[in-house]
Amino acid sequence: MTANNNRQPLYIAICTQKGGAGKSVFTTLVASYLHYIKGYNVAIIDCDYPQWSIYKMRQREAEQIERNSFYQNKAEIFFSKLNKPTYPIVPCQPETGLQQAKEFLYSEEQSYDIVLFDLPGTVNNESVVQTYFAMDYLFVPITTSRINMESTLPFMISTHEMLTVNQGNTKLRGIYPFWNMVSSKEKPELYSYYEKAILELGIPILETRIPKSVRYDREQSIEGNDYLFLSTIFPPDKPLLKGSNLNLLVDEIIQITGL
Ligand SMILES: Nc1ncnc2c1ncn2[C@@H]1O[C@H](COP(=O)(O)OP(=O)(O)O)[C@@H](O)[C@H]1O
Ligand SMILES: [Mg+2]
């Protein structure tokens, strides 16, 4: 399944202008799913300085494993079967992330199939703009909240316009929003209303909708021995994967990107 040849790794960013929409969480979940379940070789370039939330999560998890025999044992069993280590997470500055990614990949003996970038939401300088357009694909978590739409729509529209104007001459091949935090409390008409508006702009929306759920708070803890959903070291545990639609999201990403 793993391509692992000399092909350039695919660059992907799950990105949005709106803070708290699920950028880092889905970068982590998609990375873990592809690396631990689907058998691809993954790397994360964490350019969202100063938060570095994915990089810090890995540090936190690694420290906790040292002190928690349940997860230590789980890791031993899991990695002896997996036959490869965790994926690397490289902390970078937003302006130099692209160059640092290049240097990182060059310095590695193994090849990577996919590199996921956690990019800063504020695209306020030229080098960050260039980094966005150096991705192969962008996936944008959106919600029906007005505040989310107001900050995300202009970004999607201007990016899509750039793609249309440049007609295939950018590295970036597509921008794909997907619904996150979908709740039955929300009026269904709201989704179709926004979806119609976005499709009319020529922007395709992923079919997968990610439900709002408490499983996003299930992180590894020092004393805990519970199922995990969000982790940089383990894949999501099956009982929490069920109903999350993460598998559908990953399948759609694989299909679109041709991974
Ligand atoms: N589908 C969801 N259901 C419930 N909580 C979610 C969902 N998606 C994301 N979250 C929560 O939203 C918060 C912000 O996510 P995060 O990825 O850190 O945002 P960003 O990186 O875009 O600022 C986190 O606490 C995360 O657990
Ligand atoms: Mg973040």
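These lines cover the structure that appears in this document, whether it is placed above or below. Here the structure is a predicted model, which is why all the values come from computation and not from measurement. (Residues numbered from 1 in each chain as written. Chains lettered and ligands numbered in written order. Predicted model: local features only at pLDDT ≥ 70, side-chain atom pairs only at ≥ 80, totals over all residues. Heavy atoms only, no water.)

Digging into the site of ligand 1
Thinking step 1. The environment of ligand 1 is formed by 15 residues, the closest being Gly20, Lys23, Ser24, Val25 and Asn180.
Thinking step 2. Between an oxygen atom of ligand 1 and a main-chain N or O atom of glycine 20, the distance comes to 2.7 Å.
Thinking step 3. Between serine 24 and ligand 1, the recorded distance is 2.9 Å, taken from a side-chain N or O atom to an oxygen atom.
Thinking step 4. For the shell around ligand 1, the secondary structure elements donating two or more residues are helix H1 (23-37), strand S6 (174-182) and strand S7 (209-211).
Thinking step 5. Counting residues per element, the shell around ligand 1 draws most heavily on H1, which supplies 4 residues.
Thinking step 6. Grouping the amino acids of the shell around ligand 1 by side-chain chemistry returns 7 nonpolar, 6 polar and 2 charged. (Near = heavy atom within 4 Å. Polar contact = N/O pair within 3.5 Å; in protein donor to acceptor, adjacent residues only side chain to side chain. Helix = DSSP H or I, 4+ residues; strand = E, 2+ residues; numbered from the N terminus. Nonpolar A, V, L, I, M, F, W, Y, C, P; charged D, E, K, R; others polar.)

Focus: the sheet that holds S7
Thinking step 1. The sheet built from 7 strands is open, its strands ordered S3-S2-S4-S1-S5-S6-S7 with parallel pairing. At either margin of the open sheet sits one strand with a lone partner, and together these are strand S3 (89-91) and S7. Strand after strand, the sheet turns through a mean of 25° between neighbouring axes, direction not considered.
Thinking step 2. Bridge count for S6 against S7 is 2 bridges, and the pairing is parallel. When the sheet's bridge partners are listed, tryptophan 179 is paired in S7 with arginine 209.
Thinking step 3. Packed on one face of the sheet, helix H6 (residues 146-166) meets strand S5 (137-142) and S6 and runs near 160° to S5. (Pairing = 2+ DSSP bridges. Axes fitted to C-alpha atoms, helices over the stretch in contact; angles between N-to-C directions. Contact = heavy atoms within 4.5 Å.)

Re the nonpolar core
Thinking step 1. Core analysis: the largest hydrophobic core is formed by 45 residues, its most contacted members being Phe26, Val30, Leu34, Phe139, Leu246 and Leu249.
Thinking step 2. In this view, leucine 249 contacts Phe26, Val30, Phe178, Leu206, Thr208 and Ile210; residues no more than four positions away in its chain are not counted.
Thinking step 3. Membership of the second largest hydrophobic core comes to 35 residues, among which are Phe104, Leu105, Leu119 and Ile203. (Core = buried A, V, L, I, M, F, W, Y, C linked by side-chain atoms within 4.5 Å. Buried < 20%, exposed > 50% of the residue type's maximum accessible area, 1.4 Å probe, protein only.)

Describing the side chain of threonine 257
Thinking step 1. Structurally, threonine 257 is set in helix H9 (residues 246-257).
Thinking step 2. Judged by its relative accessible area of 9%, threonine 257 is buried.
Thinking step 3. If we ignore the near neighbours within four places in the chain, the residues touching threonine 257 are Leu10, Ile12, Tyr137 and Phe139.

As for the packing of aromatic side chains
Thinking step 1. This structure, assessed with the given rule, holds 21 aromatic pairs.
Thinking step 2. Considering the side-chain rings of phenylalanine 26 and phenylalanine 178, the 5.6 Å spacing of their centres and the 75° angle between planes classify their relative orientation as edge-to-face. Taken together, the residues phenylalanine 26 in helix H1 and phenylalanine 178 in strand S6 connect sequence positions 152 residues apart.
Thinking step 3. On the basis of relative accessibility, which here comes to 1%, the residue phenylalanine 26 falls in the buried class.
Thinking step 4. Aromatic pair tyrosine 71 and phenylalanine 234: ring centres 6.3 Å apart, planes at 40°, arrangement tilted. Placement of tyrosine 71 in helix H3 (residues 69-82) and of phenylalanine 234 in the loop between S7 and helix H8 (238-241) is noted, with a sequence separation of 163 residues between them. Considered together, tyrosine 71 and phenylalanine 234 belong to a single accessibility category, that of buried residues. (Phe/Tyr/Trp six-rings, centres within 6.5 Å; stacked < 30°, edge-to-face > 60°.)

So, H1
Residues that lie three or four places apart on an α-helix share one face, since the helix turns once every 3.6 residues.
Thinking step 1. Taking 1.5 Å per residue as the helical rise, H1 with its 15 residues ought to reach 21 Å, and the 21 Å between its terminal C-alpha atoms agrees with that figure.
Thinking step 2. Of all 15 residues in H1, 13 are buried; the element is thus mostly enclosed. (Expected span 1.5 Å × (residues − 1).)

Examining the layout of surface pockets
Thinking step 1. A volume near 270 Å³ is recorded for the second largest pocket.
Thinking step 2. In this structure, the second largest pocket is lined by 22 residues; those nearest its centre are Lys23, Asp48, Gln51, Pro120 and Gly121.
Thinking step 3. When residues of the lining of the second largest pocket are assigned to their parent elements, the largest contribution, 3 residues, is made by H1.
Thinking step 4. For the lining of the second largest pocket, the per-class residue count stands at 7 nonpolar, 11 polar and 4 charged. (1 Å grid on protein atoms, 1.4 Å probe; cavity = no way out; pocket = protein on both sides within 12 Å on 5 of 7 lines; lining within 4 Å. Points joined across faces, edges and corners; volume = space filled by probe spheres on them.)

Points about the pairing of strand S1 (residues 10-14)
Thinking step 1. Burial analysis of S1 places 5 of its 5 residues in the buried class, the great majority of the element.
Thinking step 2. Every second residue of S1 is oriented toward a common face, with Leu10, Ile12 and Ile14 on one face and Tyr11 and Ala13 on the other, all of them buried.
Thinking step 3. In this structure, S1 lies alongside strand S4 (residues 114-118), joined through 4 bridges in parallel fashion. Of the residues in S4, the one forming a bridge with isoleucine 12 is leucine 116.
Thinking step 4. In this sheet, S5 lies alongside S1 in parallel orientation, the contact comprising 3 bridges. When the bridges of S5 are listed, alanine 13 appears paired with leucine 138.

So, to be careful, I would describe these as geometric facts and stop short of saying anything about function.
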